[in-house]
Amino acid sequence: LWSGTRCRQSSQWVREWAHPRSAGVAGRGADAIWGALALRVELAKGEARPLAGLSADLWKFFDLVTPELAVDLLVLLGLDNGVERALKDFYRQLRRILTLNGVSGHGWRSSQSVLQGCAWSNPLTVVLGVLWSLHVEQQARVAAYTYADDWYVVADRFTLAGARRGEATEGASAGPATT
C-alpha cells in the first residue's frame, strides 16, 4: 500500500525533472522515444540530410545501479526525507540468495542492483538517464533519448546546425519530447 501510494505521488514529481526525451515517466512510454527516433530518421531520409546515431541496450543495467547513489541523486531533486530513509533502509536490509542447480547459498548483501518491478525502480534509473542525457547533449551537441536501459544518441541537421553556431542542442532546452 505504501509503495503504491508513494509511486502515484512520485509520478508527477518525476515528470517535473525528467529530461524531455526520457521515457518511463508518466505519459511517456517506450513508444514516445521510438516514435520520435523514427520520425527523425524519416525526416532525414525524406530531406536527404545527414543523420548519425548510436543505440545502446545497457546489459544488466538494473543490476549495475548503486541504489544509495541513485537515492542521493533523487534527494538532490527534492525526494521526501521519509521516502529517502525508507528506500535506503530497504536496500540496506535486502539480502540476495544465489541458487545454482537447485542448491541455495546463504543470503548476502549486494551494494548494487535495483529491483526491477519495484515501484521505485523507475525513478532510481530515470535519474541516471537524465544526468547522462544532459551531459552528452552539452558535451557532444547531440540529442539523447533514454528509456530504462535503452539509450540513444542522434546527430542530424537540427543538432549539427546548433553545434556549428555554438548553441546548446535543442535537446538541452526544455523542448517537446518528440523533437
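Residues numbered from 1 in each chain as written. Predicted model: local features only at pLDDT ≥ 70, side-chain atom pairs only at ≥ 80, totals over all residues. Heavy atoms only, no water.

**So, the environment of Asp149**
- Locating Asp149 in the fold gives a position in the loop between β4 (143–147) and β5 (150–155).
- For Asp149, the contacting residues outside a window of four places in its chain are Ala56, Asp57, Leu58 and Phe61. (Helix = DSSP H or I, 4+ residues; strand = E, 2+ residues; numbered from the N terminus. Contact = heavy atoms within 4.5 Å.)

**Let's talk about the pairing of β5**
- Counting buried positions over the 6 residues of β5 gives 6, a clear majority of the element.
- Judged by which residues are buried, β5 turns out to be covered on both faces: Asp150, Tyr152 and Val154 on one side and Trp151, Val153 and Ala155 on the other are all buried.
- Direction of pairing for strand β1 (residues 52–57) relative to β5: antiparallel, over a ladder of 6 bridges. Residue pairing across strands places Leu54 opposite Val153, the latter belonging to β5.
- With 5 bridges connecting them, β4 and β5 associate as antiparallel partners. Opposite Tyr145, over in β5, you have Tyr152 as the bridge partner. (Buried < 20%, exposed > 50% of the residue type's maximum accessible area, 1.4 Å probe, protein only. Pairing = 2+ DSSP bridges.)

**Observations concerning the packing of helix α4 (residues 67–76) against helix α6 (residues 121–140)**
- Interhelical geometry of α4 versus α6 gives an angle of 70° and a closest axis separation of 9 Å. Overall, the two elements α4 and α6 adopt an arrangement that is roughly perpendicular. Mapping the contact onto sequence places Pro67, Ala70, Val71, Leu73 and Leu74 in α4 and Pro123, Leu124, Val127, Leu128 and Leu131 in α6.
- For the contact of α4 with α6, a count of residues per class yields 10 nonpolar, no polar and no charged. (Axes fitted to C-alpha atoms, helices over the stretch in contact; angles between N-to-C directions. Parallel < 35°, antiparallel > 145°, perpendicular 65-115°, else oblique. Nonpolar A, V, L, I, M, F, W, Y, C, P; charged D, E, K, R; others polar.)

**Examining the sheet that holds β1**
- With antiparallel pairing, 3 strands are arranged side by side in an open sheet as β1-β5-β4. Of all strands in the sheet, those with a lone pairing partner are β1 and β4, marking the two edges. Mean inter-strand twist for the sheet, computed between neighbouring axes without regard to direction, equals 10°.
- Strands β4 and β5 of the sheet are contacted by helix α2 (residues 30–46), whose axis makes an angle of about 150° with β4.
- Contacting β4 and β5, α6 crosses the sheet at an angle of about 170° to β4.

**A word on the pattern of salt bridges**
- Counted by the stated rule, this structure contains 5 salt bridges.
- Its salt-bridge partner being Glu137, residue Arg21 comes within 2.4 Å of it at the nearest N-O pair. In this pair, Arg21 is assigned in the loop between α1 (2–17) and α2 and Glu137 in helix α6, connecting sequence segments 116 residues apart.
- Its relative accessible area of 1% is what places Arg21 among the buried residues. (Salt bridge = Lys/Arg side-chain N within 4 Å of Asp/Glu carboxyl O.)

**A closer look at α2**
- Between the first and last C-alpha of α2 there are 24 Å, a value that for 17 residues agrees with the 24 Å anticipated at 1.5 Å per step.
- Looking only at α2, the buried set comprises Ala30, Ile33, Ala36, Leu37, Arg40 and Ala44. Down the axis of α2, the smallest arc covering the buried residues is 150°, so these residues share one side. Turned more than 90 degrees off the buried face of α2, the exposed positions are Asp31, Lys45 and Gly46. (Expected span 1.5 Å × (residues − 1). Arc of directions from axis to C-beta.)

**Some words on unusual backbone geometry**
- Unlike most non-glycine residues, Asn101 shows phi in positive territory, near 55°.
- Note that Asn101 resides in the loop between β2 (99–100) and β3 (103–104).
- Look at Asn101 and you get exposed, because its relative accessible area is 76%.

**Quick notes on the packing of aromatic side chains**
- Going through the model one piece at a time under the given rule, you end up with 6 aromatic pairs.
- Here the aromatic rings of Trp132 and Trp151 are separated by 4.7 Å at their centres, their planes lie at 35°, and the arrangement is tilted. Remark: Trp151 occurs in strand β5 and Trp132 occurs in helix α6; sequence separation between them is 19 residues.
- Judged by relative accessible area, which is 11%, Trp151 ranks as buried.
- Here the aromatic residues Phe61, Phe62, Trp132 and Trp151 are joined through ring pairs into a cluster of three or more.
- Positioned above the aromatic ring of Tyr145 is the side chain of Arg21, whose terminal nitrogen or guanidinium carbon lies 5.1 Å from the ring centre. (Phe/Tyr/Trp six-rings, centres within 6.5 Å; stacked < 30°, edge-to-face > 60°. Lys NZ or Arg CZ within 6 Å of the ring centre and 35° of its normal.)

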